[in-house]
Amino acid sequence: MRRTYCLFAVALTACGPGSAADLSSTEVEGWESFRASVHQEAWEGGKFIVDGDIALADEDALFQYYLDYLDQERAVEGFGVSRKSLLVDTVGGADNIQTWGRRYQMTYCVSTSFGTRYDQVVTTMAAAARSWADQVGVDLLHDASQDTNCTASNNNVYFDVNPVTDTYFARAFFPNDGRSARNVLITSSAFTTTSGGRDFEGILRHELGHTLGFRHEHIRLANPCTTEANTNNRALTVYDEQSVMHYPQCRTPAGGGYRQTELDYDGARSLYGTAPALILTSAIL
Ligand SMILES: [Zn+2]
């Protein structure tokens, strides 16, 4: 049996645009249990966290995420699904990447509320930023003048880096997110974890990959490792199990932490071009 299910419709009558979906009763139950299981950041305006560190703005976005997951499940049951590789997020079929005007001006502040860990965050963010900018045509710039007012409403920087207490190691944002969502949020566990070969710099490399538009690489696995659907993205390279965007626990064997591979850089350069320093070097040679 199938019935129309309307998000937020307590009386199941007020279907807003884009909020209705034709779901089976099993799928409705699936949504309700999924919704109940998803973690939401505990503060006002807190995001829904899926697949470990993907932040969704509201319940509408969460429902769309669930619908994407169902679409994939149906495709697998029906005709099979073409699996992809190093993935850039897409919105409406277009790559979700940093604009020409922004890609060399991804400024950020580091909150002084990190306290005794402030210097470590500054240093490690810079290293993680260089890991991309030394190879790819982007730049992420620390504006220390904003660190004492490093909030999600500070429009003098592109994004803010702040400490939080939550269940993840860290989470970031995608290029199409508005200012209030453009944060790199870090929990205390990120500083010390060795889970799956992770270290603090690797976690930040992975999170900055999201800010450039990259999706999780493991979502293309034939046997899904997480609930994140392999939809709304475009493949840039062949599948890369060692990608910085691949969860360590989803590898075989598990482990390996987070470091970019040559395929990661190839895929990133296909969107953003080569880092200017590399172009200059090759020109001199
Ligand atoms: Zn991630």
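My aim in this report is to walk through the structure given alongside it, one point at a time. (Residues numbered from 1 in each chain as written. Predicted model: local features only at pLDDT ≥ 70, side-chain atom pairs only at ≥ 80, totals over all residues.)

**With respect to the sheet that holds strand β5 (residues 54–56)**
No. 1: Spatial strand order, β3-β4-β5: three strands in an open sheet with antiparallel pairing. Both outer strands of the open sheet, β3 (39–40) and β5, are each paired with one neighbouring strand and no more.
No. 2: By the bridge criterion, three bridges tie strand β4 (residues 48–50) to β5 in an arrangement that is antiparallel. Across the sheet, residue isoleucine 49 finds its bridge partner in β5, namely alanine 55. (Pairing = 2+ DSSP bridges. Helix = DSSP H or I, 4+ residues; strand = E, 2+ residues; numbered from the N terminus.)

**Here we look at the nonpolar core**
No. 1: Core analysis: the largest hydrophobic core is formed by 58 residues, its most contacted members being Trp132, Val136, Val138, Val161, Ala170 and Leu208.
No. 2: Discounting chain neighbours no more than four positions away, the residues touching alanine 170 are Asp53, Val184, Leu185, Ile186, Thr187, Ala190, Ile203, Leu204 and Glu207. (Core = buried A, V, L, I, M, F, W, Y, C linked by C-beta atoms within 7 Å. Buried ≥ 20, exposed ≤ 12 C-beta atoms within 10 Å, placed from the backbone. Contact = placed C-beta atoms within 7 Å.)

**Details of unusual backbone geometry**
No. 1: In the segment running from threonine 252 into proline 253, the intervening peptide bond is cis, with an omega of -5°.
No. 2: The topology assignment puts proline 253 in the loop between β13 (233–235) and α5 (262–272).
No. 3: Phi is positive for aspartate 51, which is not a glycine, with a value near 50°.
No. 4: Inspection of the secondary structure puts aspartate 51 in the loop between β4 and β5.
No. 5: The backbone phi angle of asparagine 232 is positive, close to 55°, even though this residue is not glycine.
No. 6: Mapped onto the fold, asparagine 232 is located in the loop between α4 (200–211) and β13.
No. 7: Taking the number of C-beta atoms within 10 Å as the measure of exposure, asparagine 232 has 16 and is therefore partly exposed.

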